[in-house]
Amino acid sequence: MTGKIYIIGIGPGASEYLTKKAIDTVKASDYTVGSTRAIELFDDVQNKIAFNVKELLDKLEEGVGLACNGNAVSILSTGDPGFSGVLNTVLRISAEKGFPKESIEVIPGISSLQLAAARCHIQWDSANVMTFHGRENIEEILPVINNGKTTIALPSRKVKDMAQFLIDNGVDENREVTVCERLSYPDERIVDANLKEIAQSEFTYMCIMVIK
Ligand SMILES: C[S@@+](CC[C@H](N)C(=O)[O-])C[C@H]1O[C@@H](n2cnc3c(N)ncnc32)[C@H](O)[C@@H]1O
């Protein structure tokens with residue numbers, strides 16, 4: 001008997017951004033796979049399969065295996081699963097294990113990208129949206145960075161290094177930037193500065209860069 005896989009977006013981090021659909025689905029699932037931080041957002045979880053970054057693939061394999069054996073399995077992804085999230089990885093593992101796509105449901109969440117756009121009052125359908133997470137192809141930002149639109153970027157390296165990379169590649173060091181750090185958490189920081197100042201500042205890895 002085939003089970004069910006729910007790939008669930010949990011939003012940017014604070015529980016107030018969790019959807020009711022996410023809460024209800026986790027509650028009704030036999031197993032829930034997610035980072036410790038993601039699982040802690042839910043009060044009602046039957047069997048927790050928590051992971052740290054290094055264990056991610058093993059735990060996703062375990063979750064899909066449980067679904068193959070007839071269980072309802074929720075797999076948690078920060079923000080939205082379809083934006084630098086686990087969606088493609090879970091689809092690949094499921095296909096490898098012969099788990100039917102019709103038994104996979106994706107439940108969207110509020111992406112950190114959306115919250116950054118909201119904080120900056122940006123209509124993000126008119127912005128360049130770029131993710132470099134897990135990739136080192138940041139030179140792809142160069143052809144679009146001066147096209148007249150705001151660029152919302154999920155950095156692949158330290159924010160200060162990304163800013164320095166842009167300056168080194170000819171972007172005006174006075175260009176306005178907003179760094180949205182730890183969005184939705186009590187210590188959220190929204191920093192407005194220019195590229196040069198950002199290149200001299202320290203941020204955690206949990207940031208979205210908005211280059212205006
Ligand atoms: C693996 S990606 C996941 C993105 C996620 N799927 C989303 O839609 O927001 C993780 C990166 O997203 C960004 N991110 C996630 N949550 C964030 C938050 N609360 N505040 C700022 N950036 C965040 C950071 O750049 C972090 O390194």
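Residues numbered from 1 in each chain as written. Predicted model: local features only at pLDDT ≥ 70, side-chain atom pairs only at ≥ 80, totals over all residues.

A. Layout of the site of the ligand. Close to the ligand lie 22 residues, the nearest being Gly 79, Gly 85, Ser 111, Ser 112 and Leu 183. Of the residues assigned to the shell around the ligand, the class counts are 10 nonpolar, 10 polar and 2 charged. (Near = placed C-beta within 6 Å. Nonpolar A, V, L, I, M, F, W, Y, C, P; charged D, E, K, R; others polar.)

B. Summary view of the nonpolar core. Ranked by size, the top nonpolar core spans 28 residues in total, and within it Ala 116, Ile 208 and Met 209 carry the most contacts. Setting aside anything within four residues of it in sequence, one finds Ala 116 in contact with Ile 152, Cys 180, Leu 183, Ile 208 and Val 210. Ranked by size, the runner-up nonpolar core spans 23 residues in total, among them Tyr 6, Ala 22, Leu 76 and Val 86. (Core = buried A, V, L, I, M, F, W, Y, C linked by C-beta atoms within 7 Å. Buried ≥ 20, exposed ≤ 12 C-beta atoms within 10 Å, placed from the backbone. Contact = placed C-beta atoms within 7 Å.)

C. Just the domain arrangement of the protein, in detail. Domain annotation of the protein identifies domain 1 (4–107) and domain 2 (112–211). Each of domain 1 and domain 2 has a C-alpha centre, and these two points are 28 Å apart. A per-class count over the side of domain 1 that touches domain 2 returns 4 nonpolar, 3 polar and no charged. (Domains from an automatic or database assignment.)

D. Region of the structure containing the sheet that holds strand E5 (residues 104–107). Ordered in space as E3-E2-E4-E1-E5, the 5 strands form an open sheet in which the pairing is parallel. For this open sheet the edge positions go to strand E3 (47–51) and E5, each flanked by a neighbour on one side alone. Across the sheet, the axes of successive neighbouring strands diverge by a mean angle of 20°, strand direction being ignored. Note that strand E1 (residues 4–9) and strand E4 (residues 72–77) share 6 bridges and pair parallel. When the bridges of E4 are listed, Lys 4 appears paired with Ala 72. The strands touched by helix H4 (residues 87–96) are E1, E4 and E5; relative to E1, the strand with the most contacts, the crossing angle is about 170°. (Pairing = 2+ DSSP bridges. Helix = DSSP H or I, 4+ residues; strand = E, 2+ residues; numbered from the N terminus. Axes fitted to C-alpha atoms, helices over the stretch in contact; angles between N-to-C directions.)

E. How the structure looks around helix H3 (residues 56–68). Compared with the 18 Å implied by 1.5 Å per residue over 13 residues, the 18 Å span of H3 between its first and last C-alpha is a close match. Buried within H3 we find Leu 60, Gly 63, Val 64 and Ala 67. Viewed along the axis of H3, the buried residues span an arc of 95°, placing them on a single side of the element. On its buried side, H3 packs onto E1, strand E2 (31–35), E3, E4 and H4. Residue Gly 70 follows H3 closely and has a positive phi angle near 100°. (Expected span 1.5 Å × (residues − 1). Arc of directions from axis to C-beta.)

F. Structural view of the sheet that holds strand E9 (residues 189–194). Spatially, E6-E7-E10-E8-E9 is the arrangement adopted by the 5 strands of the open sheet, whose pairing is mixed. Of all the strands in the sheet, the pair left with one neighbour each is strand E6 (128–131) and E9. On average, each strand axis in the sheet is inclined to that of its neighbour by 20°, with strand direction left out of account.

G. Expanded view of unusual backbone geometry. Even without a glycine there, the phi angle at Ser 84 is positive, about 50°. Take Ser 84: it is sitting in the loop between E4 and H4. Under the C-beta neighbour-count criterion, Ser 84 is labelled buried, with 21 such atoms within 10 Å.

H. Focus on the packing of H3 against H4. Close contact between H3 and H4 brings their axes to 10 Å; oriented N to C, the two are set at 55°. On the basis of the axis angle, H3 is oblique to H4. Relative to H4, the crossing made by H3 is right-handed. Only Thr 89, Val 90, Ile 93 and Ser 94 of H4 make contact with H3, whose side of the interface consists of Leu 60, Glu 61 and Val 64. Counted by class, the contact of H3 with H4 contains 4 nonpolar, 2 polar and 1 charged residues. (Parallel < 35°, antiparallel > 145°, perpendicular 65-115°, else oblique. Left-handed = near helix turned anticlockwise from the far one by under 90°.)

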